[in-house]
Amino acid sequence: MAVKGFQGTSLLDYPGHIAALIFFGGCNLTCPYCHNPALVLNPEQLPDYPLLALIDELQRRRSFIDGVVISGGEPTLDPRLPSLLRQVKEMGLQIKLDTNGLNAEALTELVWEGLVDLVALDLKTAPTRYGELHTGPVDTAGLIQNLALLMEGRVECEFRTTCVPGLVGEAEIHVLGELIHGAPRWMLQQYVPRHALAETARQQEPYSKEDLENLAEVARTYVDEVAIRGL
Ligand code: SF4
């Protein structure tokens, strides 16, 4: 695991704020629809960004960025993440973490230490179907633990679901809705087949606007603020 990329972006959910976006290589899933297959399948083939150079770069940009978005891959798998986040916090920057939520130990430590300001957790499908997202076995106990942690409200959070036909339908929205009933926000994202990890996923037709709106209506029976991204 290592930092594989660094670029500027808008700090999602803090409109008008500017952030640096940091990508970590490696993941504990291989979602067929993943949009960062190189980071997931061949992270060793991408150049590493040394952490010291990264901190220097953040300090150089400090006067015109408000925060950092940590993404991947799955960043919580890198044992150096807490140390990096401590240094980012010392600069007074906000931190948003993108995660698949499977690593309960890591996320619990980050939240309890106050190292993240916003957690965006991907809810991919019903937990009983997570085996379809990986070539090896998937243990969803950590996901359930992390959902309980975020539902306690210790940190701002957003749940996100990419609505891949065949993987996410009304039944899955009901199951996920039960798990996050009363959560502050749930983003349903349109599936974009281009660049997906698996050939079968690249052939998959996305949902229509109407289909997505129907899924959003179901989601609203559990969460007040439901929006659709990518239409
Ligand atoms: S979509 Fe996210 S969790 Fe799935 S393989 Fe890609 S980086 Fe990993």
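For the structure, check the block above.
Residues numbered from 1 in each chain as written. Predicted model: local features only at pLDDT ≥ 70, side-chain atom pairs only at ≥ 80, totals over all residues. Heavy atoms only, no water.

## Some details on the overall build of the protein
And then number 1: Broken down by element type, the protein carries 8 helices and 8 strands.
And then number 2: Taken against the 2.2 N^0.38 rule, which gives 17 Å for 231 residues, the C-alpha radius of gyration of the protein at 17 Å falls within 12% of a compact globule.
And then number 3: A principal-axis box enclosing the C-alpha atoms of the protein has dimensions of 45 × 35 × 35 Å.
And then number 4: Considering the protein as a whole, with its 231 residues, one finds that 53% of them fall into the buried category.
And then number 5: Accessible surface, the protein: about 10,600 Å² in total, of which carbon and sulfur atoms supply 52%.
And then number 6: For the protein, the centre of its 18 positive side-chain charges and the centre of its 31 negative side-chain charges are spaced 6 Å apart. (Helix = DSSP H or I, 4+ residues; strand = E, 2+ residues; numbered from the N terminus. Rg over C-alpha atoms; globule rule 2.2 N^0.38 Å. Buried < 20%, exposed > 50% of the residue type's maximum accessible area, 1.4 Å probe, protein only. Areas by Shrake-Rupley, 256 points an atom, 1.4 Å probe, with all protein chains shown as cover. Lys, Arg positive; Asp, Glu negative; His and termini not counted. Charge placed at Lys NZ, Arg CZ, Asp CG, Glu CD.)

## A look at the site of the ligand
And then number 1: Taken together, the residues surrounding the ligand are Cys27, Leu29, Thr30, Cys31, Cys34, Val40, Gly73, Asn100 and Lys124.
And then number 2: The class makeup of the residues in the shell around the ligand is 5 nonpolar, 3 polar and 1 charged. (Near = heavy atom within 4 Å. Nonpolar A, V, L, I, M, F, W, Y, C, P; charged D, E, K, R; others polar.)

## Observations regarding helix 4 (residues 104-112)
And then number 1: Along helix 4, the positions that sit buried rather than exposed are Ala104, Ala106, Leu107, Leu110 and Val111. Each buried residue of helix 4 lies within a common arc of 165° when the element is viewed along its axis, so the set occupies one face. Projecting away from the buried face of helix 4 at angles above 90 degrees are the exposed residues Glu105 and Trp112.
And then number 2: For helix 4, the side-chain oxygen to backbone nitrogen distance between the N-cap and glutamate 105 is 3.5 Å, and the N-cap itself is asparagine 103. (Arc of directions from axis to C-beta. Polar contact = N/O pair within 3.5 Å; in protein donor to acceptor, adjacent residues only side chain to side chain.)

## What about the packing of aromatic side chains?
And then number 1: Considering all chains together, one arrives at 1 aromatic pair under this definition.
And then number 2: Summarising the aromatic geometry, the rings of tyrosine 33 and tyrosine 191 are spaced 6.3 Å apart at their centres and angled 85° between planes, so their arrangement reads as edge-to-face. With a gap of 158 residues between them, tyrosine 33 in the loop between strand 2 (18-24) and helix 1 (37-41) and tyrosine 191 in the loop between strand 7 (185-190) and helix 7 (199-202) connect regions that are remote in the sequence. The same class applies to tyrosine 33 as to tyrosine 191, namely buried. (Phe/Tyr/Trp six-rings, centres within 6.5 Å; stacked < 30°, edge-to-face > 60°.)

## With respect to the side chain of threonine 125
And then number 1: Looking at the element boundaries, threonine 125 is found in the loop between strand 5 (118-122) and helix 5 (141-151).
And then number 2: A distance of 2.6 Å separates a polar side-chain atom of threonine 125 from the backbone oxygen of leucine 167.
And then number 3: The contacts of threonine 125, once residues within four sequence positions are left out, are Tyr130, Leu133, Leu167, Val168, Glu172 and Leu176. (Contact = heavy atoms within 4.5 Å.)

## Here we look at the pattern of salt bridges
And then number 1: Under the defined criterion, the tally for this structure stands at 18 salt bridges.
And then number 2: When the shortest N-O distance is used, the salt bridge between glutamate 158 and arginine 229 registers 3.2 Å. Highlighted residues: glutamate 158 in strand 6 (residues 156-163) and arginine 229 in strand 8 (residues 225-229), separated in sequence by 71 residues.
And then number 3: Note on glutamate 158: relative accessible area 0%, which makes it buried.
And then number 4: Across the salt bridge formed by arginine 220 and glutamate 217, the nearest N and O atoms sit 2.7 Å from each other.
And then number 5: The network of salt bridges with shared partners includes Lys96, Asp98, Asp122, Lys124 and Arg160. (Salt bridge = Lys/Arg side-chain N within 4 Å of Asp/Glu carboxyl O.)

These values are about where atoms sit, not about what they do.
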